[in-house]
Amino acid sequence: QAGEQAATLRAGCESLRRAAQEVQARTQAAAEAERQRIATSMETEKASIASLEREAAGLVRSSRRQAVMALRLAQEQVVRLEGTVKAEAKRSKAAARARLAQLKETFSGMDEQLRDAEGLLASFGPRSFLPEHHR
């Protein structure tokens, strides 16, 4: 009877040992699967971060290029405006000189006409054009 009990106990212990090994194997498999899932997730996140970093660097480069281009355009516009202002100033100056010359010519002609008229008046005598009471 003791042999039977010992055999039953041995069989129970063996059954428990196998059950414990099976639980341990399943636990290890689950832990490995979780570790793999986490590792894959981390790799995905690293790749995503790297992609975002590359995209951000590209945007920074693009923004710099756009800023440089905008600055160049602004500088070109300033140069064009300076040229336009200088050209307009030259045109205005030339127009003013031409108008001044025209006015000088006009006044010179008027001055000659005035002298001619004074000479004509003088030739008739100083009093011939004055009314009676002013002679």
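In the block above lies the structure referred to throughout.
Residues numbered from 1 in each chain as written. Predicted model: local features only at pLDDT ≥ 70, side-chain atom pairs only at ≥ 80, totals over all residues. Heavy atoms only, no water.

Asks: Mind laying out the overall build of the chain, listing which residues take part and the relevant values?
Replies: Scanning the chain from N- to C-terminus turns up 1 helix and 0 strands. Expressed along its principal axes, the backbone C-alpha trace of the chain runs to roughly 180 × 30 × 5 Å. In the chain, which comprises 135 residues, the share counted as buried stands at 1%. Looking at the chain as shown, the accessible area adds up to about 12200 Å², and 61% of this sits on carbon and sulfur atoms. (Helix = DSSP H or I, 4+ residues; strand = E, 2+ residues; numbered from the N terminus. Buried < 20%, exposed > 50% of the residue type's maximum accessible area, 1.4 Å probe, protein only. Areas by Shrake-Rupley, 256 points an atom, 1.4 Å probe, with all protein chains shown as cover.)

Asks: Explain the environment of Val 85 to me, and be specific about the residues and the numbers.
Replies: Position of Val 85 among the secondary structure elements: in helix 1 (residues 2-123). A sequence separation of 69 residues divides Val 85 from Leu 16, and the C-alpha atoms of the two residues are 101 Å apart.

Asks: Please set out the pattern of salt bridges residue by residue, giving values where relevant.
Replies: All told, the structure shown has 8 salt bridges when counted by the stated rule. Put simply, Arg 17 and Glu 14 hold a salt bridge, and the shortest N to O gap is 2.1 Å. Of this pair, Arg 17 and Glu 14 both sit in helix 1, 3 residues apart, which is roughly one turn of that helix. The exposure class of Glu 14 is partly exposed, given its relative accessible area of 29%. Linking Arg 35 and Glu 32 is a salt bridge whose minimum nitrogen-to-oxygen distance equals 2.8 Å. Remark: Glu 32 and Arg 35 occur in helix 1; sequence separation between them is 3 residues, near one turn of the helix. The exposure class of Arg 35 is partly exposed, given its relative accessible area of 43%. Exposure remark for Glu 32: the relative accessible area of 36% places this residue in the partly exposed category. What emerges from the salt-bridge pattern is a single network uniting Glu 14, Arg 17 and Arg 18. (Salt bridge = Lys/Arg side-chain N within 4 Å of Asp/Glu carboxyl O.)

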